[in-house]
Amino acid sequence: MEPRREVLLVGSVGLRDNEEVFRTVGSLLGARMARIPDGETGERSTWVLRLRSALENNPAFEVDPAELVAGGRITHPTEGTRTWKGGDVVECGAPPPPRLRLRTGVQGEDIRIGRLGYPEAAIESYRVLCRLRGEGAVPKHLRFQVALPTAAAFLNAHVVYEHHALVEPVYRECLLREMEEIVAAIPRHDLAIQWDVSTEMGQWEGVRHAWFADAKGAALKEGVIGRLALHCNRVPRGVQLGVHLCYGSYGGRHWKEPESTANMVEVHNRLAERLERPIDYIHMPVPADRTDGAYFAPLRGLKLHPGTKLFLGLVHDSDGVDGTRKRIAAAEAHLRDFGIAAECGFGRRPPETIPGLLRVHAEA
């Protein structure tokens, strides 16, 4: 019998709070995992949407009038789906807030970004995790995993495209400083920092705006990889580095179904070449209907550092254990050594569905 595959949870888990996440995940999957997230519960379940608060009442910004219509609502170009102007899918059921723009005359040096709240949440969750370890509710070997959306995700959600160039370096430094606060507060040997790479994959796939390049091509790829390297290289050695190549999960759907693993393999290989430190793990999603060799064949070209673990996001509760095993078998024809995960976080799922999805991870 083959050994059981390692499991990764990429971030959000739609339970009540961090303690419920730690207790539930620790008991069901703790022996199969190397890291445990706090579930990004509460307001953090909205991923980058909550970060609008960092710009509210900010004198450098104003609501973009082009995104407003009568009554203060937002245009929805795709009937039946709540979308950003430009087609970015968000959670169905509530319209997104309009993007913001810089006021006339504001320069880069005038921009100030408010607190994002990542260190406060991480430090509190780590305190809870340590207490639960002491009680024996969570295995002691599990590192604390903190997932952070990249700067591009914030820009894509909250700032008009023509002002990305000015806002990007200011926001990125704010984000990286908060990441460094987390590193300073939590022992390095007990911490993993994961970058959620969604907007960049959209840029690579040609469905997201990139201010630094007009279209898919060498300039766009260089711009994406260079920016990801800036994020990853700031994670110090001793802290594990994870990269979640994300195709989204708002409304239970991707913003685009990946045609194969080819683009994700290329992003990993190019990024790994640019880093001053190794990637400890990389996550790639697998759509539920892909049990064919064509989807997995590009994995043969994946150039993994000896210490890098690949996780394939092929766990789905739509077809349960049997479907998950079919996708595992299809992947094994091209690469034998990989762990398993869901396609994305599942913080926006109904809470009653979470234990069943976790059991599919355990049983598959």
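What counts and what doesn't
Residues numbered from 1 in each chain as written. Predicted model: local features only at pLDDT ≥ 70, side-chain atom pairs only at ≥ 80, totals over all residues. Heavy atoms only, no water. Helix = DSSP H or I, 4+ residues; strand = E, 2+ residues; numbered from the N terminus. Rg over C-alpha atoms; globule rule 2.2 N^0.38 Å. Buried < 20%, exposed > 50% of the residue type's maximum accessible area, 1.4 Å probe, protein only. Areas by Shrake-Rupley, 256 points an atom, 1.4 Å probe, with all protein chains shown as cover. Lys, Arg positive; Asp, Glu negative; His and termini not counted. Charge placed at Lys NZ, Arg CZ, Asp CG, Glu CD. Salt bridge = Lys/Arg side-chain N within 4 Å of Asp/Glu carboxyl O. Core = buried A, V, L, I, M, F, W, Y, C linked by side-chain atoms within 4.5 Å. Contact = heavy atoms within 4.5 Å. Pairing = 2+ DSSP bridges. Polar contact = N/O pair within 3.5 Å; in protein donor to acceptor, adjacent residues only side chain to side chain. Axes fitted to C-alpha atoms, helices over the stretch in contact; angles between N-to-C directions. Phe/Tyr/Trp six-rings, centres within 6.5 Å; stacked < 30°, edge-to-face > 60°.

Let us look at the overall build of the protein. Looking only at helices and strands, one finds 10 helices and 10 strands in the protein. Relative to a compact globule of 364 residues, whose C-alpha radius of gyration would be 21 Å, the protein shows 20 Å and is just as compact. Principal axes of the C-alpha set define a box for the protein whose edges measure 65 × 45 × 40 Å. Looking at the protein as a whole, 57% of its 364 residues are labelled buried. Summed over all atoms, the accessible surface of the protein reaches about 15000 Å², with 51% contributed by carbon and sulfur. Positive and negative charge centroids in the protein, built from 47 and 48 side chains respectively, lie 3 Å apart.

On inspection of all chains with the given rule, the structure shows 32 salt bridges. Where R103 meets E62, a salt bridge forms, and the shortest distance between an N and an O atom there is 3.2 Å. Remark: E62 occurs in strand β3 (residues 61–63) and R103 occurs in the loop between β4 (100–102) and α2 (118–135); sequence separation between them is 41 residues. Overall, the relative accessible area of 37% leaves R103 in the partly exposed class. Under the relative-accessibility criterion, E62 is labelled partly exposed at 28%. Each of the salt bridges in this network shares a partner with another, and the network as a whole consists of E19, R23, R131 and E135.

What follows covers the nonpolar core. With 101 residues, the main nonpolar core has I193, W195, M284 and L312 as its most contacted residues. The biggest single contributor to this core is helix α4 (residues 164–185), with eight residues. Excluding its chain neighbours within four sequence positions, the residues that come into contact with M284 are L245, M264, V265, H268, L299, L302, L310, F311, L312 and G313. In terms of nonpolar packing, the next biggest core, distinct from the first, is built from five residues, L8, V10, F311 and A341 among them.

Attention shifts here to the pairing of strand β7 (residues 240–245). Strand residues, when the strand is regular, have side chains that alternate between the two faces of the sheet. Most of β7 is tucked away, with six of its six residues classed as buried. As defined by bridge partners, strand β6 (residues 191–197) adjoins β7 across six bridges and the pair is classed as parallel. Across the sheet, the residue bridging to D196 is H244, located in β7. Pairing of β7 with strand β8 (residues 281–285) involves three bridges; the strand directions are parallel. By the bridge assignment, V243 is partnered in β8 with I282.

Let's shift gears to the environment of T324. For T324, the location among the structural elements is in helix α9 (residues 320–332). On the accessibility criterion, T324 (0% relative accessible area) is buried. In this structure T324 touches L314, V315, H316, D319, V360 and A364, once residues within four positions along its chain are discounted. Within the structure, T324 has its side chain in polar contact with the backbone oxygen of G320 (distance 2.9 Å).

Among the secondary structure elements, G242 is positioned in strand β7. In this structure G242 comes out as buried when scored by relative accessible area, which is 0%. With 144 residues separating them along the chain, G242 and P98 place their C-alpha atoms 31 Å apart. Apart from residues no more than four positions distant in its own chain, G242 is found in contact with I193, Q194, W195 and Y281.

A few words now on the sheet that holds strand β10 (residues 339–342). One open sheet holds the eight strands; their spatial order is β1-β10-β9-β8-β7-β6-β5-β2, and the pairing between them is parallel. On the outer flanks of this sheet lie β1 (7–8) and β2 (35–37), each paired with one strand and no other. The sheet contact formed by β1 and β10 spans two bridges and is parallel. Looking at β10, one finds that L8 is bridged to A341. Across the sheet, helix α7 (residues 262–274) lies against β7 and β8, angled at about 160° from β8, the strand it touches most.

Attention shifts here to the packing of aromatic side chains. Going through the model one piece at a time under the given rule, you end up with six aromatic pairs. Taken together, a centroid distance of 6.4 Å and an interplanar angle of 70° make the contact between F22 and F144 edge-to-face. Here F144 lies in strand β5 (residues 143–149) and F22 lies in helix α1 (residues 18–29), a separation of 122 residues in the sequence. Looking at F22, the relative accessible area reads 0%, which means it is buried. Taking relative accessible area as the criterion, F144 reaches 1% and is therefore assigned buried. With a centroid separation of 3.8 Å and an interplanar angle of 5°, the aromatic rings of F154 and Y171 are classed as stacked.

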